[in-house]
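Read off the chains here:
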Amino acid sequence: MNKGFFKLTCIIVFLVVSTGLPAFTFLVDTRDSMPLEDMGIDRRIHVVSAESGIMDTLFDEGHIFFNIYSVPDDEGNLPSWESTVTHANDVGANYLLKLTPDDNGLSWEFYIVRGTRMLDEGYAEISTVNSDLKPVDRWTALGESVADQMMESIR
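Cut-off values and rules
The written sequence of each chain sets the order in which its residues are numbered from 1. Two thresholds apply to this predicted model, a pLDDT of at least 70 for residue-level local features and 80 or more for giving and counting side-chain atom pairs, whereas whole-chain, interface and lining totals are computed over all residues. Values shown for side chains rest on all heavy atoms present in the structure; no hydrogens or waters enter the calculation. For the purposes of this section, nonpolar cores are sets of buried Ala, Val, Leu, Ile, Met, Phe, Trp, Tyr and Cys residues that join through side-chain atoms within 4.5 Å. Relative accessibility thresholds used throughout: buried, under 20% of the residue-type maximum; exposed, over 50%; partly exposed, between the two (1.4 Å probe, protein chains only). Here a strand is any run of E in DSSP of at least two residues, a helix any run of H or I of at least four, and the numbering for each starts at the N terminus. Contacts between residues were defined by any pair of non-hydrogen atoms, one from each residue, lying within 4.5 Å. Strand pairing requires that DSSP identify at least two bridges connecting the strands.

**Regarding the nonpolar core**
One recurring pattern in soluble globular proteins is that nonpolar side chains are buried together. Residues Phe26, Ile54, Leu97, Phe110, Leu142 and Met150 are the most contacted members of the largest nonpolar core, which totals 22 residues. Contributing elements (two or more residues each) for this core: strand E1 (25–31), helix H2 (41–60), strand E3 (95–102), strand E4 (105–112) and helix H4 (135–152). Broken down by element, the residue count for this core peaks at 6 residues, all from H4. Those residues within four positions of Phe110 in sequence are excluded, and the remaining contacts are Phe26, Tyr95, Leu96, Leu97, Arg117, Met118, Leu119, Asp120, Met150, Ser153 and Ile154.

Written as structure tokens, this is what we have:
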């Protein structure tokens, strides 16, 4: 093998490896008023598609993610936020995304797990996404938009 070619290859590999962002672990907590199995099909499409858009973006950027659904228990009480943070610590998450979907979009809060410090928050309205798309694609695009905003806060 040509020494010049070998050196050039080594330099390129070094640059590619050294400039990449580190992989982080995310816990996505979707907090809703009812379990998925009790939701109507439209609501389920909204929740699952938006979450899929977020997770697709995280995956494409080389990150690891877990998801949980925080729904009311038999008495109608949502799991405490503290239990979600504890769970995020237990699974080794670096970041925690709290999603609260409704019919018009997603409220979201983005935290660093260590110290439970909020990094960003917002509300993403479905009306901002092309209405010509099918519902699954539209809500997936909304989730991707939330993930893009979230990722900007850690770059």
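**Topic: the pairing of E4**
Inspection of the sheet shows E3 paired to E4 by 8 bridges, in the antiparallel sense. Following the sheet pairing, Tyr95 is matched in E4 by Ile112. The loop that links E3 with its antiparallel partner E4 comprises 2 residues. As defined by bridge partners, E4 adjoins strand E5 (residues 117–125) across 8 bridges and the pair is classed as antiparallel. If you follow Phe110 over to E5, its bridge partner there is Asp120. The antiparallel pairing of E4 with E5 creates a hairpin that spans 4 residues between the two strands, and Gly115 there sits at a positive phi of about 80 degrees.

**With respect to unusual backbone geometry**
The phi torsion at Thr116 lies on the positive side, around 45 degrees, for a residue other than glycine. With respect to the element layout, Thr116 can be found in the loop between E4 and E5.

**Quick look at the environment of Ser153**
Topologically, Ser153 is positioned in the segment after H4. Owing to a relative accessible area of 28%, Ser153 belongs among the partly exposed residues under this scheme. For the pair Ser153 and Leu119, spaced 34 residues apart in sequence, the C-alpha to C-alpha distance is 6.6 Å. Discounting residues that sit within four places of it in the chain, Ser153 has contacts with Phe110, Leu119 and Asp120.

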